[in-house]
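Structural characterization, general
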Amino acid sequence: MSWRGWLVLIFSLWLIVASLIPGIVGSKGANIADFLIVGVVLLIAGIFMLGTSKVAGWIELLLGIWLIIAAFIPGITGSKGAALANGLVVGIIALILAFFDRKKQ
């Protein structure tokens, strides 16, 4: 079992939970949907990363890039600084873990 897969699972669960916390996402439906969808897809990728899936690392890399880009789109994050910070932090962590996964292969 990969420690990277476990970390991806933890952060994907955090994104799912964070999408339900009004203090983080506010009332922006796009932000709620963004965190929920990315969280669920990262959760699935994390499950596959527990094994030896090459595709899961690429999915994680793309979702990390998306979280960073989406943090700066006003139509998604609105004016919530917590949503911006959450997207940036989880996106950067996903990128780092994806690079570790790419280096492993």
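Residues numbered from 1 in each chain as written. Predicted model: local features only at pLDDT ≥ 70, side-chain atom pairs only at ≥ 80, totals over all residues. Heavy atoms only, no water.

Some words on the overall build of the protein chain
Helix and strand content of the protein chain: six helices and zero strands. Going from the N terminus to the C terminus, the protein chain shows its helices and strands as α-α-α-α-α-α. Within the span of the protein chain, comprising 105 residues, buried residues form 41% of the whole. Sequence-distant contacts in the protein chain: of pairs separated by 6 or more residues, those separated by 24 or more amount to 67%. Looking at the protein chain as shown, the accessible area adds up to about 5,400 Å², and 81% of this sits on carbon and sulfur atoms. (Helix = DSSP H or I, 4+ residues; strand = E, 2+ residues; numbered from the N terminus. Buried < 20%, exposed > 50% of the residue type's maximum accessible area, 1.4 Å probe, protein only. Contact = heavy atoms within 4.5 Å. Areas by Shrake-Rupley, 256 points an atom, 1.4 Å probe, with all protein chains shown as cover.)

Re the side chain of N31
Within the secondary structure, N31 is located in helix α3 (residues 29–49). Residue classification places N31 among the buried residues on the basis of a relative accessible area of 0%. Here N31 is in contact with I24, V25, I76, T77 and A83, once residues within four sequence places are set aside.

Remarks on empty space enclosed by the protein
Under the definition given, this model contains one cavity of 30 Å³ or more. The volume enclosed by the largest cavity comes to roughly 40 Å³. In terms of lining, the largest cavity is formed by V8, F11, L42, E60, V90, I93, A94 and L97. Looking at the lining of the largest cavity, the elements that each hand over two or more residues are α1 (3–18) and α6 (81–104). A total of four residues in the lining of the largest cavity trace back to one element, the largest contributor, which is α6. Looking at the lining of the largest cavity, its residues break down into seven nonpolar, no polar and one charged. (1 Å grid on protein atoms, 1.4 Å probe; cavity = no way out; pocket = protein on both sides within 12 Å on 5 of 7 lines; lining within 4 Å. Points joined across faces, edges and corners; volume = space filled by probe spheres on them. Nonpolar A, V, L, I, M, F, W, Y, C, P; charged D, E, K, R; others polar.)

What about helix α4 (residues 54–71)?
For α4, built from 18 residues, the straight-helix expectation of 26 Å at 1.5 Å per residue is met to within 8% by its first-to-last C-alpha distance of 27 Å. Every buried residue of α4 is accounted for by A56, G57, E60, L61, L63, G64, L67, A70 and A71. (Expected span 1.5 Å × (residues − 1).)

Looking at the environment of S12
By secondary structure assignment, the location of S12 is in helix α1. Put simply, S12 and I37 are 25 residues apart on the chain and 9.8 Å apart in space, counted from C-alpha to C-alpha. Sequence-distant contacts of S12, that is, excluding residues within four places in its chain, are made with G39, L42 and L43.

Thoughts on the nonpolar core
Grouped together as the largest cluster of nonpolar side chains are 15 residues, with contacts concentrated most on V8, L15, I24, F35, V38, L42 and L67. For this core, the secondary structure elements donating two or more residues are α1, α2 (22–25), α3, α4 and α6. The element best represented in this core is α3, accounting for five residues. (Core = buried A, V, L, I, M, F, W, Y, C linked by side-chain atoms within 4.5 Å.)

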